[in-house]
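# An overview of the molecular structure
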Amino acid sequence: MRRWRMVLGADSADSTGCTLKGQDAAMDGALNALYGGGAGKKPGGGRGAGGRSAGLGASAPSVARWLGDIRTYFPSSVVQVMQRDAIDRLGLAALLLEPEMLEAVEADVHLVGTLLSLNKAMPETTKETARAVVRKVVEDLEKRLESRTRATLTGALDRSARISRPRHRDIDWNRTIRANLKNYLPVPGPAGPAGVGEAAGAGGTGAPGDAGGAVRTEGRGTIVPERLIGYGRASRSAKKDVVLCIDQSGSMAASVVYASVFGAVLASMRTLSTRLVVFDTAVVDLTDRLDDPVDVLFGTQLGGGTDINRALAYCQSKITRPADTVVVLISDLYEGGIRDEMLKRVAAMKASGVQFVTLLALSDEGAPAYDHEHAAALGALGAPAFACTPDLFPDVMAAAIEKRSLPIPDKETQQ
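Going along each chain's sequence as written, the residues are numbered from 1 onward. Note on the predicted model: pLDDT of at least 70 is required for a residue's local features to be given, and 80 or more for side-chain atom pairs to be given and counted; whole-chain, interface and lining totals, by contrast, use all residues. Heavy atoms from the whole structure form the basis of all side-chain values; hydrogens and water molecules are not counted.

### Examining helix α5 (residues 76–90)
- Segments assigned H or I by DSSP are reported as helices when at least four residues long, segments assigned E as strands when at least two residues long, and all are numbered from the N terminus. For a helix, the expected span equals 1.5 Å multiplied by the residue count minus one. With 15 residues, α5 should reach 21 Å at 1.5 Å per residue; the first-to-last C-alpha distance of 20 Å fits that figure.
- Whether a residue is buried, partly exposed or exposed follows from its accessible area with a 1.4 Å probe, protein chains only, as a fraction of its type maximum: under 20%, in between, or over 50%, in that order. Buried within α5 we find V79, Q80, M82, Q83, A86, I87 and L90. Seen end-on, α5 carries its buried residues on one side only, within an arc spanning 165°. Here, the arc refers to the directions that run from the helix axis to the C-beta atoms.

### Observations regarding the side chain of H374
- Among the secondary structure elements, H374 is positioned in helix α14 (residues 372–380).
- Any N or O atom pair separated by 3.5 Å or less is treated as a polar contact, with the protein-specific requirement of one donor-capable and one acceptor-capable atom, and with residues adjacent in sequence counted only for side-chain atom pairs. Within the structure, H374 has its side chain in polar contact with the side chain of R339 (distance 3.0 Å).
- Contacts: residue pairs with any heavy atoms within 4.5 Å of one another. Setting aside residues no more than four positions away along its own chain, H374 makes contact with L333, E335, R339 and M342.

### Structural notes on helix α12 (residues 308–317)
- Buried within α12 we find I308, N309, A311, L312 and C315. Viewed along the axis of α12, the buried residues span an arc of 160°, placing them on a single side of the element.
- Considering only its buried residues, α12 is in contact with β3 (240–247), β4 (272–279), β5 (283–285), β6 (325–330), α13 (339–351) and β7 (355–362).

### Observations regarding the pattern of salt bridges
- Only one rule defines a salt bridge in this text: a Lys or Arg side-chain nitrogen within 4 Å of an Asp or Glu carboxyl oxygen. Across all of its chains, the model carries 16 salt bridges by this definition.
- A salt bridge links D364 to R144; the shortest N-O distance between them is 3.9 Å. In this pair, D364 sits in the loop between β7 and α14 while R144 sits in helix α8 (residues 124–160), placing the two residues 220 residues apart along the sequence.
- The salt bridge partner of E373 is R339, with a shortest N-O separation of 3.6 Å.

### Focus on the pairing of β4
- With 6 of 8 residues buried, β4 is to be regarded as a mostly interior element.
- As defined by bridge partners, β3 adjoins β4 across 8 bridges and the pair is classed as parallel. Paired with L244 across the strands is L276, a residue of β4.
- With strands facing away from the observer, any crossover in which the path from the first strand over the helix to the second runs clockwise is taken as right-handed. With respect to chirality, the unit in which β3 leads through helix α10 (residues 253–267) into the neighbouring parallel β4 is right-handed.
- For two strands to be treated as a pair, DSSP must find at least two bridges joining them. For β4 and β5, the ladder comprises 3 bridges, and the chain directions are antiparallel. By the bridge assignment for β5, V278 is matched with V284.

### Remarks on the packing of helix α7 (residues 109–117) against α10
- Interhelical geometry of α7 versus α10 gives an angle of 105° and a closest axis separation of 8 Å. One element, α7, and the other, α10, form an angle in the roughly perpendicular class. Note on element contacts: α10 touches α7 through A253, A254, V257 and Y258, opposite V109, V112, G113 and L116.
- Split into classes, the residues belonging to the contact of α7 with α10 amount to 7 nonpolar, 1 polar and no charged. Helix axes use the C-alpha atoms of the stretch in contact, all axes being lines fitted to C-alpha atoms, and the angles between their N-to-C directions lie in the range 0 to 180 degrees. In this scheme, roughly parallel covers angles under 35 degrees and roughly antiparallel covers those over 145, while 65 to 115 is roughly perpendicular and the rest are oblique. Note that Gly is not counted as nonpolar here; it falls among the polar residues with everything else outside the nonpolar set of Ala, Val, Leu, Ile, Met, Phe, Trp, Tyr, Cys and Pro and the charged set of Asp, Glu, Lys and Arg.

### Looking at the sheet that holds β4
- With respect to topology, 6 strands assemble into an open sheet ordered β5-β4-β3-β6-β7-β8, the strand pairing being mixed. The sheet terminates laterally at β5 and β8 (385–388), the two strands that pair on one side only. The average undirected angle you get between the axes of adjacent strands in this sheet is 25°.
- In the sheet, β3 pairs with β6 via 6 bridges, with the strands oriented parallel.

### With respect to the nonpolar core
- Grouped together as the largest cluster of nonpolar side chains are 80 residues, with contacts concentrated most on W66, L115, V328 and F393.
- In terms of residue count, α8 provides more of this core than any other element does, 10 residues in total.
- If near-sequence neighbours (up to four positions away) are discounted, V328 is found in contact with V243, L244, C245, V357, L359, F393 and M397. Nine residue types can take part in a nonpolar core, namely buried Ala, Val, Leu, Ile, Met, Phe, Trp, Tyr and Cys, and a core is a set of them joined through side-chain atoms within 4.5 Å.

### So, the pairing of β6
- Burial analysis of β6 places 6 of its 6 residues in the buried class, which makes it a mostly covered element.
- Side chains T325, V327 and L329 of β6 all project onto a buried face; the interleaved residues V326, V328 and I330 project onto the opposite face, where all are buried too.
- Looking at chain direction, β6 and β7 are connected through 5 bridges and run parallel. Pairing of V327 across the sheet is with F356, part of β7.
- Crossover β6 to β7 through α13 is right-handed.

### With respect to the environment of V137
- Within the secondary structure, V137 sits in helix α8.
- Contact partners of V137, with chain neighbours within four places excluded, come to A107, D108, V109 and V112.

### Remarks on unusual backbone geometry
- For L333, which is not glycine, the phi torsion reads 70° and is therefore positive.
- Along the chain, L333 falls in the loop between β6 and α13.
- Its relative accessible area of 0% is what places L333 among the buried residues.
- You will see that K403, though not glycine, has its phi angle at about 60°, which is positive.

### A few points about the packing of aromatic side chains
- For this analysis, a ring pair means two rings from Phe, Tyr or Trp (six-membered ring only for Trp) whose centres lie within 6.5 Å, classed as stacked if their planes differ by under 30 degrees, edge-to-face if by over 60, and tilted for the remaining angles. For the coordinates displayed, the defined rule picks out 1 aromatic pair.
- Measuring from centroid to centroid gives 4.5 Å for F262 and F393, while their planes differ by 40°, and the two rings are tilted. With F262 in helix α10 and F393 in helix α15 (residues 393–401), this residue pair connects regions lying 131 residues apart in the sequence.
- By relative accessible area, which is 1% here, F393 ends up buried.
- For R131, the ring lying beneath its charged end belongs to F298, and the centroid distance is 5.1 Å. Comment: the charge-over-ring label is applied if NZ (Lys) or CZ (Arg) is within 6 Å of the ring centre and within 35 degrees of the ring normal.

This is the structure we're talking about:
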């Protein structure tokens, strides 16, 4: 009954017959301030003129106290959800312009998105605190994502650089032997006890892996290397070019954060040449800021319209090695520009050899609302559009680099 009372809220006190005390009462108060009837409702249950539905009150001290309370009573994951609900339900975004408020909140990707949307309105006294909050989130994301991204893409780049007619010093012997095991030929030899490391078989085949016998009927075998596999030669130049083209409309806030972090990780790999472009109705190239993803994020301006065609035209103009280029468009595909021109550009890039990837979102939340007609049109061009989690992104990039099928998590998103 205690748990039901907590779930159903203060209005259920009489029906449950349960009275909360101590910390339970304090937790219930914090929940009721956000999700309960509060002071903003009329006695009859209707909303007041202000449309408020909770009772945090308007003063900053009250909100700061509430933020401290929920961090005391709830785990970090729950605190983040409650903060997002408070911003959405109570219009608390304006309070984030105050440094003391920023210091009290639990930082996460969604909070960073909110701060970026407030960037232009943020007073100078708050900007340094905001940057510190954003940097903490970015550093946490880098720790989580960098090592796996590097390992996955380094392997893909190495495999894509394999050569089939290597010089002797460039032969990858392990892979060459594995690829030619089917070409094993036994070589006859004198009878006698089988030596250490020599092929011997009960059936006298002498093939590797056969069960050992007491008498060797054949000598060592040999592998005929019909196919040689070699290492790609080390080069100081980039093996692949990557262009991240990011829609910075308001609905893409979390994707912008993750894409900026991934952009910085990719830019730190010498075998990749990475360009990062953000767009709404204008196009901004932030490649020169990739050494610091916080600078990238504060260089974006969430909100506004969308002109995908204009952004792709810019990206297309920067491609110099189509066969070695991967373009990643991150957008919900609501195009405000010229639709037919956008599709023609994608078709032209793919025809030239560019690997084109369309991500409806790069976040943990799945696909947002998106333009299904444009997604289907891109799929018909061989550029299927799908939502991608941060954990899957390295595998998607590895597949694009190696020019193999993309690991699409849910193919129904293409329909």
